[in-house]
Amino acid sequence: MMKKTFEITGSSRIMKVVMDDETRDITITFKGEKVYQYNSVSEFDFRMFKEDIQNGESVGKSFEKRIRNKYAGKRL
């Protein structure tokens, strides 16, 4: 099981991102403890989102662009 957890410090609304390299599921913890899972994200979007996080890009902007409008999130 290859899960990587990113604790997000500089975002106004995202606290934590957990990415599963095997299933390409992304679990995002928003401020206010709301947790959403996005399943089977495309390899490209998954990789680009992870790179954005690792490169210190705005996680919120990257989430809007790569995840939010493309994949159905389910509240956990």
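Presented here is an overview of the structure given in this document. This one's a predicted model, so the numbers in the text were calculated from it and none came from an experiment. (Residues numbered from 1 in each chain as written. Predicted model: local features only at pLDDT ≥ 70, side-chain atom pairs only at ≥ 80, totals over all residues. Heavy atoms only, no water.)

Structural notes on helix α2 (residues 59-68)
- Buried residues of α2: V59, G60, S62, F63, R66 and I67, and no others. Projected down its long axis, α2 shows its buried positions confined to an angular sector of 155 degrees, all on one face. More than 90 degrees from the buried face of α2, the exposed residues found are K61 and K65.
- Looking at the packing, one finds that the buried side of α2 touches β2 (14-20), β3 (25-30), β4 (34-38) and α1 (43-54). (Buried < 20%, exposed > 50% of the residue type's maximum accessible area, 1.4 Å probe, protein only. Helix = DSSP H or I, 4+ residues; strand = E, 2+ residues; numbered from the N terminus. Arc of directions from axis to C-beta. Contact = heavy atoms within 4.5 Å.)

Here we look at the packing of aromatic side chains
- Taken as a whole, this structure holds three aromatic pairs when the rule is applied.
- Taken together, a centroid distance of 5.5 Å and an interplanar angle of 65 degrees make the contact between F30 and F63 edge-to-face. Of this pair, F30 sits in strand β3 while F63 sits in helix α2; the two residues are 33 residues apart in sequence, bridging distant segments of the chain.
- We classify F30 as buried; its relative accessible area is 10%.
- The class for F63 is buried, based on a relative accessible area of 1%.
- Centroid distance Y38 to F63: 5.6 Å. Interplanar angle 70 degrees. Geometry classified as edge-to-face. Of the two residues, Y38 sits in strand β4 while F63 sits in helix α2, which places them 25 residues apart along the sequence.
- Classification of Y38 as buried rests on a relative accessible area of 6%. (Phe/Tyr/Trp six-rings, centres within 6.5 Å; stacked < 30°, edge-to-face > 60°.)

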